[in-house]
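# A closer look at the structure
The residues making up each chain are set out below.
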Amino acid sequence: MAPGILQEVRSPGQHPSEEQILRHSPSPNGDVSASLSRLQLPKASTPQCQVCVVGAGPAGLMLGCNLARFGIDVQVIDERDGKTTVGRADGLQPKTIETFRQMRLADPLLQRGVKVFDIAFWRSTPTEKLHRLGREVHYPPVIDVLDPCILLAHQGMVEDLFMDDMRLRGKEVLLNYKALGSDEIQPLLAEYLIGCDGAHSRVRKAIPGVEAVGVSQPAIWGVLDGELITDFPDIWSKTLVYSEVHGSILIVPRERNMTRLYIELKSCQSPTALADLARGDDLGQAFVMEQARKIMAPFNIDWSCIEWFGRYQVGQRLASRFSDESASVFLAGDASHTHSPKSAQGMNTAMHDSWNLAWKLNLAARGFARPELMASYEEERRKVALDLVNFDYEHANQIANGDAVALAKNFLFNVRFISGIGAEYGPSILTRPCAAHEESAFPCSEAARPGSILPPAKVTRYIDANPVDIQLDIPMMGQFRIYLFAWDVFQSATFLESFCNSVASRNSFVNALSAAATASYARQPRPLVPEDVYTRPERYVKASELFTFSLITTMPKHEFEISDLPPLLQESRWTLYLDNVPEQDTRGMRCTEKWLGRLTPGEVAIVTVRPDGYVGSIGRWDAGLDESGANAARWLDDYYGGFLKLPDAEEASV
């Protein structure tokens, strides 16, 4: 990432005063999970919940949806009196599509949205009429994804999916709560308060020492969503049109035969025009439409209908912190970072803030999280946000400058980050750099890296011979995934037996965590939904409510039986995979080869994956050594011991 406009800015945290809307009061013993956050709500509704989410946009609903699935008592609230029907965000990047696939929510979006696979560039000058400079593949093969496209699906469609999913689990979003200051208010009490309430977040403003830091640029853009009448040939590609005289237009195809235009108001870049923007004077819809016609000339452009019109000033801002000092109030989405909408990152990054935070809140609310786990949210997501606002600063300027060659180079340089798969986390207690153990002679591969998501890979599920995408096959239920790789289950039998026995032993931390998780989910279970009769989530929690164990082997199915495996792996029969379908892979590779590089027949590797799909750590052992299996089990205990703990008696009773 090239140098950008923002550097790390941090301010010391303080406790809010009693006069402020949001306030927290940690319990006498200083236990973070017992602290209370309060938000004033209508007197008619004063539910008590574990997590209160302020804001029912994509960030808030992604968080609420996942917490509801995990069995956490969550309440999402919003000032609006209805759902999003027009305008706002619309682009889903490949990593976000994968996330929706992992949640089993992607199909409606893929069926109704518009998939864009290419970008076209057009230009005109005072001496040259508007002409196409060329086309580029939107997501070239340099990135390895299942969906190498951007999916255009209206924000309201995304929000509806989340709200319907929450409703299945008995959670309704509370809309239209009264403004603060009313006499008819009482506090809503929650252990955790999450601000997903947009760029002007009141939650952020109520945390002392936290502010939005950044710059606004002297650039005004109009946005039009409508059905076009035009002879321009490229409205079904993502297209950048640049007029040296009149400015730029970014064309984005939309669902329902709609097209979105981002229109630069080049003649309006002045202090007077910025003041007009603030007042809404002289820069109305008719003016913006006329600017679009000038830029698109000599092509004709008109609208049979316009669904939404908006204006904005380009700017990039980042919250100085993403949480309060006690780690009971957090910020996500636009409440923590803002930027221009033209790189289709805002909704994606916002939802992945919540994707990161949801599983950590689940563990915290159940008493399993060490303080280091909750601190990791800011460490991980603030890095991504800082990278984003710096990229956006360059990207927005290059769109305005109209240099197609420079823009294409910048896009290719940042394509992994733009797609979402390049949003990686640095080394930490959660993402430990992989290292070969003394009993392994082979170094770790660079393919599956701690801090990155898993590359897509195809395998065959042993139990029913179905070819599956292994990174998607196990449902996301707040569990960690532990993948064991062994070429030959008989040659690795000593290792597997020793490993499984050690994991199941009394002195195993993983076993103690599993026992505590069984008790926790018995008291506060994941809610059942009708679809469960088909998807059978119980298949993945037989061995543990907190860990799913999986074995991947290249042995043919007819050469071994499930009964040949240790009991722990027999219980995990739905996550036993055969690595035998490289011809179906995006790169024509076996999963073992793609994730680990070289793995010898006498070697066993373990890949730990966090509940959000990011690789946590990777280890390798010589399967022929007697102590290797026990050492691998201790390695797991050490990894999870860095950020998890056993709930104390008070937490366990919740």
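Residues numbered from 1 in each chain as written. Predicted model: local features only at pLDDT ≥ 70, side-chain atom pairs only at ≥ 80, totals over all residues. Heavy atoms only, no water.

Right, let's talk about the pattern of salt bridges for a bit. Evaluation of the coordinates by the stated rule reveals 39 salt bridges. When the shortest N-O distance is used, the salt bridge between Glu 307 and Arg 256 registers 3.1 Å. A residue pair is termed long-range when its members are at least 10 positions apart, and Glu 307 in strand S15 (residues 301-319) and Arg 256 in the loop between strand S13 (247-253) and strand S14 (259-264) qualify at 51 residues. By relative accessible area, which is 25% here, Glu 307 ends up partly exposed. One salt-bridge network, held together by shared partners, links Asp 90, Asp 225, Arg 254, Glu 255, Arg 256, Arg 260 and Glu 307. (Salt bridge = Lys/Arg side-chain N within 4 Å of Asp/Glu carboxyl O. Helix = DSSP H or I, 4+ residues; strand = E, 2+ residues; numbered from the N terminus. Buried < 20%, exposed > 50% of the residue type's maximum accessible area, 1.4 Å probe, protein only.)

Each regular strand carries side chains that alternate between the two faces of the sheet. Strand direction decides the pairing type here: strand S18 (residues 458-461) and strand S19 (residues 466-469), joined by four bridges, are antiparallel. What sits directly across from Lys 458, in S19, is Asp 469. Connecting S18 to the antiparallel partner S19 that follows it, the hairpin turn spans four residues, and Ala 465 within it adopts a positive phi of roughly 60°. Both S18 and strand S22 (residues 576-578) contribute to a ladder of two bridges, which runs antiparallel. (Pairing = 2+ DSSP bridges.)

A word on empty space enclosed by the protein. For the structure shown, the criterion picks out seven cavities of 30 Å³ or more. Here the largest cavity defines a volume of roughly 120 Å³. Sorting the residues of the lining of the largest cavity by element identifies helix H2 (94-102), helix H8 (346-365), helix H9 (371-401) and helix H11 (415-419) as the ones contributing at least two each. For the lining of the largest cavity, a count of residues per class yields five nonpolar, eight polar and two charged. (1 Å grid on protein atoms, 1.4 Å probe; cavity = no way out; pocket = protein on both sides within 12 Å on 5 of 7 lines; lining within 4 Å. Points joined across faces, edges and corners; volume = space filled by probe spheres on them. Nonpolar A, V, L, I, M, F, W, Y, C, P; charged D, E, K, R; others polar.)

What follows is about the sheet that holds S22. Strand order in this open sheet of seven strands is S19-S18-S22-S21-S20-S23-S24, and the pairing throughout is mixed. Looking at the sheet topology across the chains shown, the edges are occupied by S19 and strand S24 (615-622). With strand direction ignored, the average angle separating the axes of adjacent strands in the sheet is 30°. Contacts between helix H18 (residues 628-641) and the sheet are confined to strand S20 (480-486), strand S21 (547-553), strand S23 (603-609) and S24, with S24 contributing the most and set at about 160° to the helix. (Axes fitted to C-alpha atoms, helices over the stretch in contact; angles between N-to-C directions. Contact = heavy atoms within 4.5 Å.)

The next thing to look at is the packing of aromatic side chains. The final tally for this structure, using the stated rule, is 23 aromatic pairs. Both rings, one in Trp 122 and one in Phe 299, keep their centres 5.5 Å apart while their planes meet at 85°; by these two values the pair is edge-to-face. Placement of Trp 122 in strand S7 (residues 118-124) and of Phe 299 in the loop between helix H7 (285-296) and S15 is noted, with a sequence separation of 177 residues between them. On the basis of relative accessibility, which here comes to 6%, the residue Trp 122 falls in the buried class. Both rings, one in Phe 495 and one in Trp 621, keep their centres 6.2 Å apart while their planes meet at 40°; by these two values the pair is tilted. Here Phe 495 is found in helix H13 (residues 493-503), whereas its partner Trp 621 is found in strand S24, with 126 residues between them in sequence. Take Phe 495: its relative accessible area is 0%, and that puts it in the buried class. Connected via pairs of aromatic rings, a cluster forms that spans Trp 359, Phe 480, Phe 547, Phe 549, Tyr 639, Tyr 640 and Phe 643. When the ring centre of Tyr 521 is taken as reference, the NZ or CZ atom of Arg 366 above it lies at 3.7 Å. (Phe/Tyr/Trp six-rings, centres within 6.5 Å; stacked < 30°, edge-to-face > 60°. Lys NZ or Arg CZ within 6 Å of the ring centre and 35° of its normal.)

The topology assignment puts Phe 322 in the loop between S15 and strand S16 (329-331). Between the C-alpha atom of Phe 322 and that of Gly 195, which follows or precedes it by 127 residues, the distance is 9.5 Å. For Phe 322, the contacting residues outside a window of four places in its chain are Val 329, Phe 330, Leu 331, Ser 336, His 337, Tyr 377, Glu 378, Arg 381, Arg 382 and Ala 385.

Our next topic: the packing of helix H14 (residues 509-523) against H18. Running from N to C, H14 and H18 cross one another at 55°; their axes reach a closest spacing of 8 Å. Comparing their axes, H18 and H14 come out oblique. Residues Phe 509, Val 510 and Leu 513 of H14 pack against Leu 636, Asp 637, Tyr 640 and Gly 641 of H18. In the contact of H14 with H18, the residues fall into five nonpolar, one polar and one charged. (Parallel < 35°, antiparallel > 145°, perpendicular 65-115°, else oblique.)

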